[in-house]
Amino acid sequence: MNAMNFLQAAFAGRRLATLGFLWLVMIAVAAIAAPLIAPFDPLEIDPVGRLAKPGWPNLFGTDHFGRDTFSRAVYGARMTVIIGTGSVVVALLAGGLIGMVSAYFTKLGHFLMRGVDVLMAFPALLMALVLITLLERSVFNTILVIGIVYATTTARILFGMTLKLKGEVFVDAAVCSGVGNLSILFRHILPNLVSPLLVQASFIFAFAQLQAAALDFLGLGLPPEVPSWGNMLSEERIYVTRAPWLLIYPGILIVLSVFSMNLVGDALRDSIDPRFKDDISGV
Amino acid sequence: MALLEVQNLEIAVSAKGKLLPVVQSVSFSVDDNETLGIVGESGCGKSLTALAIMGLLGGTTVRITGGSIRFDGMDLLTLSERERRSIMGNQMAMIFQEPMTSLNPVYRIGDQIIENIRQHQKMTKAQARDRVVELLSLVRIPNPSERVDSFPHQMSGGQRQRVMIAMALSCDPKLLIADEPTTALDVTVQKEVLDLMADLQTRMGTAIILISHDLGVISETSNKVAVMYRGRVAEAAETESLFLELAHPYTRGLLNSMPVVDSDVDWLEAIPGRVPTLEEELTGCAFHPRCASATELCLTTVPKETEFKHGHSVQCHFPGKVAP
Amino acid sequence: MLAYTAKRLLTLIPTLLAASILVFLFVHLIPGDPAAILLGDTATPEEVAQLSSEMGFDHPLYIQYFIWLSNVLKGDLGTSIFFGEPVLSVIGSGAETSILLASMTMIWIILIGLPIGILSATKHGTWIDQMTSSGAMLAASIPTFWLGLYLIMIFSVTLGWFPSSGFPSLSDHGGITNLRYLLLPSLTLAAPNTALIIRLVRASMLDVSREDHVRTARAKGLHPTRVAIKHIFRNALIAVAAAFGFTFAALISEAVVTETVFSLPGIGRLVVQSILRRDYPVIQGVILVIVVLYMVINLAVDLAYARLDPRVSLK
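Residues numbered from 1 in each chain as written. Chains lettered and ligands numbered in written order. Predicted model: local features only at pLDDT ≥ 70, side-chain atom pairs only at ≥ 80, totals over all residues. Heavy atoms only, no water.

1. Comments concerning the overall build of chain A
When helices and strands are counted, chain A shows 12 helices and zero strands. Written out in order from the N terminus, the α and β elements of chain A read α-α-α-α-α-α-α-α-α-α-α-α. Here chain A, with 283 residues, has 53% of them falling under the buried criterion. Within chain A, contacts between residues at least 6 apart in sequence are counted, and of these 73% link residues at least 24 apart. (Helix = DSSP H or I, 4+ residues; strand = E, 2+ residues; numbered from the N terminus. Buried < 20%, exposed > 50% of the residue type's maximum accessible area, 1.4 Å probe, protein only. Contact = heavy atoms within 4.5 Å.)

The following block contains the structure:
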């Protein structure tokens, strides 16, 4: 109920953000029901029907293996959700834990945050590339790498926000009534950070899509057979002149999804506690 | 005709498509050499009235919806933006409540005053700078020729307020509006700043509107007082005649809630209740929910402005008839 | 100012050392004999043994680090497996492209981002503001390689206005006109970053415009444009300048994708190719160079910050 009110307040009078939210709901539905929606097997190769124009039965045409682009795009939604959610979980778990603990236990925190500073000296994409060099191409590793990259910023942000809350009266009150450290951190401080974390999560989700697509494009992301929008662009880019639709559909899907996520994040950001607004790093 | 004449000023704030009145039929006048004190609790509309006179309501949700403001023979509300700006900071200047934040932190204070001077007067930078040094010594800032190059963060709150006064006086304004100029300052500094303003007034003949929530400050510095309550002038008079006999129960409440240093009062009386918010619909006199002597009439009818004594006006059905 | 600079330089050293340890460890995190990794598949056992003793791989890790660090400080970043040349000169050959690309991109970001950001903030709440700030968010949502591919399609393939790939050095035939090769790439790289700057300029200016000193400026009777530029934008610039430095430093690594799309011989493309070729000495070298560059630029920004905000230098 509370969450509903929060969403209602955030999207009131914001048509574009509401459309973005609806688009994301559609993506989620497509991701869950991909086998029901996709008319063909996204991996099925058809040497005769290569590079078919959009039409019937191939709504978005076919690629250079004769695979149905529409079906691949539907399964791509699934990858989008998996990569986005996975990266958010890794970033928030790792970064969030480091940030909160550092702010609360200052001695350990000083040490940990210096480490975060050092990691932040590596630009995001470079760090992803370095990590990917050490790992094999897989869905899990892509999530891990992108998640770790954003864990550093998340740690910084949560560090700042926890510090602010630590000075609040309700924390002092909890300390005085003998509540344990960890309990204060997770039962008293964390609940206050849920909505700013939600905002940060939506921006990480958006960034993660762009990073994943870039890694796919460089041939360092998901394994080539995985039907992701980034891989679709990467594999078909040499056919851009002969079959331009192969690049238009996945590209537009990425843009719309990232744009929607940013719009949603922006709308949510305006309705959270103003104290935390400046901490969020987003578009 | 007085230097500034405000007549039936109406100000409203637009919220959710509705216009909520915040200032209603406010009238007063100020002349050269005079200080008008406007006193009232926060939210009574005194600051908005000041901003309306100054012309600083642009870009906000607050609109002037009626009345007139005449200044030096001009009808301010019919002037163009451009004509209005040529008066701001020139014939009419304002100082604000927050000396710590009212100066731009990235510019030297001298340059900020020079900007005001050169906006309105043809002067070279060097001439303007000399004038600034002169102004700074006028407002009693030590080492003015060095301090002119200071940044705001290098000065104390009291000094910054002096800088604000120097800036306001830089073009010899006819009217100075001071919105709670001493509220944010230490008590010892408060007195110095008020004395400084009074001193400058005798020297330059400036008219001053002093806005404060502190009846004590007003009584010491003003020739005339207007007491505002929820957007209306509850009581207005020459300072002496006002304190001689209080006509409005609200003014009495303000006075009773003030600590007096050399009296034996053991406790201070607070005015019961609070100022009703704008959204609350209210019939009759706006003060009736907090008034001990309110009658049926007060609940139903808004009191008209009546003359209590000569030059002493009040908006109350039973002026002066309140229990002491 | 000098003392402040010295102080900031000193605080940089521990971070730099820590980062260098990470870069050093990079080769050791790859499974296998580090000497064999650094020499590639074609190396003979004798060569492996020789490098192993040169780099002290038979010694404890911290000694290896000091050997590596002293080599690095002498300018010896190892030898590229693929090119057979010193890593530093391989990186150097990509520097011209990368620096020119980043600089041109910065120029676009400033020329396009600042005016639109200011416009958006001064027209706050109007349709102009809604268009520009939503438009900026849309631009920040476009994958750069996709944008690059379509710019090539339209301006190189269809219209033939600009070359689609490569970049001959400015010292080659064509001289300064060779910059036209970088026009599309720099616009591509500028798009998302300009969008971020627009959003940042807008947000910072809106923050500043609510501050008390802006009311003081308006009370002087200044023209609204002068208030917007001299008082609001000037103060917002403090936050924006920090982002500029950050962006410029990040461009060197963000250029990885753009340089690949446009086949530019820059450092970014070198990283990707080296990863695909498993040319570890080059990867290690490039990371080190970029990280150092990133830190130095951020330091420069910090110092610029002190100039922009008089309150900083006192601390």
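2. Re the overall build of chain C
A tally of regular secondary structure across chain C gives 12 helices and zero strands. The N-to-C order of helical and strand elements in chain C reads α-α-α-α-α-α-α-α-α-α-α-α. The C-alpha extent of chain C, read off along each of the three principal axes, is 80 × 55 × 35 Å. Counting every position in chain C, which comprises 315 residues, the buried fraction comes to 52%. Excluding contacts between residues fewer than 6 apart, the proportion of contacts in chain C whose partners are at least 24 apart in sequence is 71%. In the form shown here, chain C has an accessible surface area of approximately 14100 Å², with 68% of it arising from carbon and sulfur atoms. (Areas by Shrake-Rupley, 256 points an atom, 1.4 Å probe, with all protein chains shown as cover.)

3. Some remarks on the interface of chain C and chain B
Between chain C and chain B, the residue contacts involve 21 residues of the former and 26 residues of the latter. For the chain C and chain B pair, buried surface summed over both sides reaches about 2200 Å², with 55% attributable to carbon and sulfur atoms. Along the contact surface separating chain C from chain B lie three salt bridges. Among the salt bridges present, the one from E115(B) reaches R226(C), with a minimum N-O distance of 3.0 Å. Counting across the interface, chain C meets chain B through 15 residue pairs in polar contact (both at pLDDT 80 or more). Looking at the side of chain C that touches chain B, the elements with two or more residues in it are α9 (212-219) and α10 (224-261) of chain C. The element contributing the most residues to the side of chain C that touches chain B is α10(C), with seven residues. Residue composition of the side of chain C that touches chain B, by class: seven nonpolar, six polar and eight charged. (Buried area = accessible area lost by both parts, 1.4 Å probe. Salt bridge = Lys/Arg side-chain N within 4 Å of Asp/Glu carboxyl O. Polar contact = N/O pair within 3.5 Å; in protein donor to acceptor, adjacent residues only side chain to side chain. Nonpolar A, V, L, I, M, F, W, Y, C, P; charged D, E, K, R; others polar.)

4. Considering the sheet that holds strand β12 (residues 312-314) of chain B
Residues and elements named next belong to chain B. If you walk across this open sheet you meet the eight strands as β6-β7-β8-β3-β9-β10-β12-β11, and the pairing is mixed. The sheet is open, and its two edges are formed by β6 (92-95) and β11 (306-309), each paired on a single side. Neighbour to neighbour, the strand axes of the sheet diverge by 20° on average, direction disregarded. In terms of strand pairing, β11 meets β12 through three bridges, oriented antiparallel. Following the sheet pairing, T306 is matched in β12 by V314. Here helix α7 (residues 187-204) sits on the sheet and contacts β3 (35-39), β6, β7 (175-179) and β8 (207-212); the angle it forms with β8, its principal contact strand, is near 160°. Seen against the sheet, helix α10 (residues 249-256) touches β3, β9 (224-229) and β10 (232-238) and runs at an angle of roughly 100° to β9. (Pairing = 2+ DSSP bridges. Axes fitted to C-alpha atoms, helices over the stretch in contact; angles between N-to-C directions.)

5. Digging into the side chain of T133(A)
Mapped onto the secondary structure, T133(A) falls in helix α6 (residues 124-134). Its relative accessible area of 8% is what places T133(A) among the buried residues. Not counting chain neighbours up to four residues away, the residues in contact with T133(A) comprise F26(C), I275(C), R278(C), Y280(C) and I283(C).

6. Observations concerning the arrangement of the chains
Between all two pairs of chains that are in contact, chains A and C come out with the most contacts. Spatially, chain A and chain B are disjoint, and the shortest separation between their C-alpha atoms is 12 Å.

7. Thoughts on the pattern of salt bridges
For the structure on display, the rule yields 25 salt bridges over all chains. For R269(A), the salt bridge goes to D266(A), with nearest N and O atoms at 2.9 Å. Of this pair, R269(A) and D266(A) both sit in helix α11 (residues 245-269), separated by three residues, roughly a single helical turn. This pair shows no difference in class: R269(A) is buried, exactly as D266(A) is. Put simply, K220(C) and E115(B) hold a salt bridge, and the shortest N to O gap is 2.8 Å. Remark: E115(B) occurs in helix α3 (residues 109-120) and K220(C) occurs in the loop between α9 and α10; the pair is interchain, linking two chains. Given a relative accessible area of 7%, E115(B) falls into the buried group. Among the charged side chains, a network of salt bridges with common partners joins R14(A), D266(A), R269(A), D270(A) and R199(C).

8. Examining the domain arrangement of chain C
A common way to report how large an interface is uses the accessible area buried once the components associate. Residue and element names in this part refer to chain C. Along its sequence, chain C is carved into domain 1 (2-73) and domain 2 (94-308). Distance between the C-alpha centres of domain 1 and domain 2: 33 Å. In this assembly, 18 residues from domain 1 lie in contact with 13 residues from domain 2. Surface buried jointly by domain 1 and domain 2 totals about 1400 Å² across both partners, of which 81% is contributed by carbon and sulfur atoms. Broken down residue by residue, the surface that domain 1 buries against domain 2 is led by R8, V23 and F26, which jointly contribute 32%. (Domains from an automatic or database assignment.)

9. Some points on a nonpolar patch on the surface
Residue and element names in this part refer to chain A. A cluster of nonpolar side chains, contributed by L16, L19, F21, L22, V25, V29, L36 and I37, occupies part of the molecular surface with about 720 Å² of accessible area. Listing elements by their share of the nonpolar patch, those giving two or more residues are α2 (15-32) and α3 (34-37). The dominant element in the nonpolar patch, judged by the number of residues it contributes, is α2, at six residues. Counting through the fold element by element, V29 comes out in helix α2. (Patch = residues over 30% accessible without salt bridge, like charges linked within 9 Å, V, L, I, M, F, W, Y side chains within 5 Å.)

10. Observations concerning the interface of chain A and chain C
On the side of chain C, 44 residues touch chain A, which itself brings 40 residues to the contact. Summing both partners gives a buried area of about 3600 Å² for chain A against chain C, and 83% of it is carried by carbon and sulfur. At the surface where chain A touches chain C, the tally comes to one salt bridge. Residue R199(C) pairs with D266(A) through a salt bridge whose shortest N-O separation is 3.2 Å. Looking at the side of chain A that touches chain C, the elements that each hand over two or more residues are α5 (106-120), α6, α9 (181-217) and α11 of chain A. Among the elements that take part in the side of chain A that touches chain C, α11(A) stands out by supplying 12 residues, more than any other.

11. Topic: the state of the cysteines
For the structure shown, the criterion picks out zero disulfides over all chains. No disulfide involves C44(B); its sulfur sits 14 Å from the nearest other cysteine sulfur, which is in C285(B). (Disulfide = S-S within 2.5 Å.)

12. Some remarks on the packing of aromatic side chains
Between two aromatic rings, the relevant description is the distance of the centres plus the angle of the planes. Following the criterion strictly, the structure yields 15 aromatic pairs over all chains and no others. An angle of 35° between the planes, with centres 6.1 Å apart, marks the rings of Y65(C) and W68(C) as tilted. On the criterion of helical spacing, the pair formed by Y65(C) and W68(C) is a turn pair, its members being three residues apart in helix α4 (residues 61-73). Connected via pairs of aromatic rings, a cluster forms that spans F24(C), Y65(C), F66(C) and W68(C). Above the ring of Y107(B), the side-chain terminus of R234(C) is found at 5.9 Å from the ring centroid. The lysine or arginine in question, R277(C), covers the ring of F82(C), its NZ or CZ lying 3.8 Å from the ring centre. (Phe/Tyr/Trp six-rings, centres within 6.5 Å; stacked < 30°, edge-to-face > 60°. Lys NZ or Arg CZ within 6 Å of the ring centre and 35° of its normal.)

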